[in-house]
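# Breakdown of the fold
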2 protein chains.
Amino acid sequence: MKLQLAIDVLSSEEALALAYKTRKYVDIIEIGTPLIKHEGVKLVRQMKALFPRKKLLVDLKTMDVGEYEADFCFEAGADIVTVLGVADLRTIEGAIKSAKKHGKKVVVDLINVPDKPKMAKKVKKMGADYVGIHSGIDQQNAGQSPLKDLKRVRKKVKVPFVVAGGIDEKNVGRILRQKPAVVVVGGAITGAKDPKKAAKCIAKRLKGR
Amino acid sequence: MKLQLAIDVLSSEEALALAYKTRKYVDIIEIGTPLIKHEGVKLVRQMKALFPRKKLLVDLKTMDVGEYEADFCFEAGADIVTVLGVADLRTIEGAIKSAKKHGKKVVVDLINVPDKPKMAKKVKKMGADYVGIHSGIDQQNAGQSPLKDLKRVRKKVKVPFVVAGGIDEKNVGRILRQKPAVVVVGGAITGAKDPKKAAKCIAKRLKGR
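So, here is what we can say about the structure in this document. Residue numbers run consecutively from 1 along every chain, following the written order of its sequence. Numbering of ligands from 1 and lettering of chains from A proceed in the order in which they are written. Restriction of local features to residues with pLDDT of at least 70 applies here, the model being predicted, together with a cutoff of 80 or more for giving and counting side-chain atom pairs; totals for whole chains, interfaces and linings are based on all residues. To get the side-chain values, all heavy atoms of the structure are used, and hydrogens and water are removed first.

In this section: the pairing of strand E1 (residues 2-7) of chain A. Residues and elements named next belong to chain A. Burial classes follow relative accessibility: with a 1.4 Å probe on protein chains only, a residue under 20% of its type's maximum area counts as buried, one over 50% as exposed, and anything between as partly exposed. Here a strand is any run of E in DSSP of at least two residues, a helix any run of H or I of at least four, and the numbering for each starts at the N terminus. A large share of E1 lies buried, amounting to 5 of its 6 residues. Criterion used throughout: strands pair if DSSP finds at least two bridges between them. Note that E1 and strand E8 (residues 182-185) share 4 bridges and pair parallel. Note on E8: the bridge partner recorded for Leu5 is Val185. Here E1 runs beside strand E2 (residues 28-31); their pairing, made up of 4 bridges, is parallel. Bridge pairing links Gln4 to Ile28 in E2. A crossover counts as right-handed when, viewed with the strands pointing away from the observer, the path leading from the first strand over the helix to the second turns clockwise. Traced from E1 through helix H1 (residues 12-21) to E2, the parallel crossover comes out right-handed.

Here's what the structure looks like:
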């Protein structure tokens, strides 16, 4: 089980510093959606140059021109990109096509998809590497969490899951029992007084130590 | 009726040059979604500094943290941002809240929304300034166009419409008859041999000359 650090601050310097502090415990560094829109693809190149042995995910949340957006991200050094499950199937296809072309990977993020098991099955067939079970921050603020969705979808579809949405030291145990491939943690690490300690603590749980 | 130029190239220099060449005929300069992800918010500041009298739209296509993404875009100089109609209603609310706070505007883009008239009514009530009727590029490549959707939604909801999706000199006449507030043109201008001439030609049609 891998730990993905979602970085949603708005400065490259802060983002790079967070990746550096937590590097010992994090498997996948995520450049969050607001961060890529704020800083651009230059940060993808910087992150890859500084942490060449980490996997780098750019949370593009692509809604159109799937191949075009994924292409420039992979070319800048990303290993994984995301595309929205609410997008047109041709957009999802485009992102997957780009990933195959570059030998890289795609997460189809099911945020706000009404019938998640159905869409998970569909994108698995289309060749998606991962399915994202994700409660957005605006949804978390209204009390939602990804656990129920993960349980429900997992019963019906066998595919590697990436799970995200308000995961912290307290609730990570319940998530782990569902055996996702990747656990995404954001604020519980990036907003902690000591991000390194917070990352270490959650990483230990993931590795079962 | 206003002409919006959608710029989806991937370099700031090219984007600024396109805005400069077409400035006499364009009312709203749009920094497209791939372009903002590629170049970041720095381009918003540059565009606003160079063209202070033009309206500047950033096609954020926000899917989560509506207020957070809109906030930093307005603070960098954007006049209008977009949020996705397929997003959680709280995300749309957040973007609208940010716009009211800054005295700026929001387009709710109905790309891939299944029941467009229903969602148009809903977001109008929520305080959206514009409703976007939009066939994505991946959808255009499969033969879709926004005209049918525009006709259908317009019959049921009175709200200022922004219409986008493969609009060019040939098909703009049919769009104009539906009286949208804003007509978005991308490739037909940015991909033309002479972007200035192409913009002039379409602008004339919009102004009824």
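Now that the structure has been shown, the text picks up again.
Before going further, it helps to examine the sheet that holds strand E7 (residues 161-164) of chain A. An order of E1-E2-E3-E4-E5-E6-E7-E8 (chain A) is seen for the 8 strands of this closed barrel, with the pairing classed as parallel. When the angles between neighbouring strand axes are averaged without regard to direction, this sheet yields 25°. Axis definition: a line fit to C-alpha positions, over the contact stretch in the case of helices; interaxial angles, taken between N-to-C directions, run 0 to 180 degrees.

With that out of the way, let us pick up the relation of the copies chain B and chain A. A least-squares fit on C-alpha atoms brings the copies together, and the residues used are those whose pLDDT is at least 70 in both copies. The two copies are related by a screw motion: chain B maps onto chain A through a turn of 180° and a shift of 0.0 Å along the axis, at an RMSD of 0.0 Å. Taken together, the rotation and translation relating the two chain copies correspond to the operation of a two-fold axis. What makes two residues a contact is simply this: any of their non-hydrogen atoms within 4.5 Å. With an isologous cut-off of 70% or more, the 97% of interface residues of chain B that recur at the interface of chain A puts this contact in the isologous class.

Before going further, it helps to spend a moment on the interface of chain B and chain A. Contacts between the two partners involve 36 residues from chain B, matched on the other side by 35 residues from chain A. What counts as buried area is the accessible surface, traced by a 1.4 Å probe, that two parts surrender upon association, with contributions from both included. Of the roughly 3,000 Å² buried between chain B and chain A, counting both surfaces, carbon and sulfur atoms make up 59%. A per-residue breakdown of the area chain B buries against chain A is headed by Lys37, Met63 and Asp138 of chain B, which together make up 25% of the total. Close ionic contact of Glu69 of chain B with Lys37 of chain A constitutes a salt bridge, the shortest N to O distance being 2.7 Å. Polar contact criterion, stated in full: a pair of N or O atoms within 3.5 Å, where within protein one must be able to donate a hydrogen and the other to accept it, and residues adjacent in sequence count only if both atoms are side-chain atoms. Where chain B touches chain A, the interface holds 26 residue pairs in polar contact (both at pLDDT 80 or more). Residue assignment for the side of chain B that touches chain A shows that the elements contributing at least two residues are helix H2 (33-39), strand E3 (55-62), helix H4 (66-76), helix H5 (89-102) and helix H7 (137-140) of chain B. Per-element tally for the side of chain B that touches chain A: the top contributor is H2 of chain B, with 6 residues. Salt-bridge detection follows one rule: a side-chain nitrogen of Lys or Arg within 4 Å of a carboxyl oxygen of Asp or Glu.

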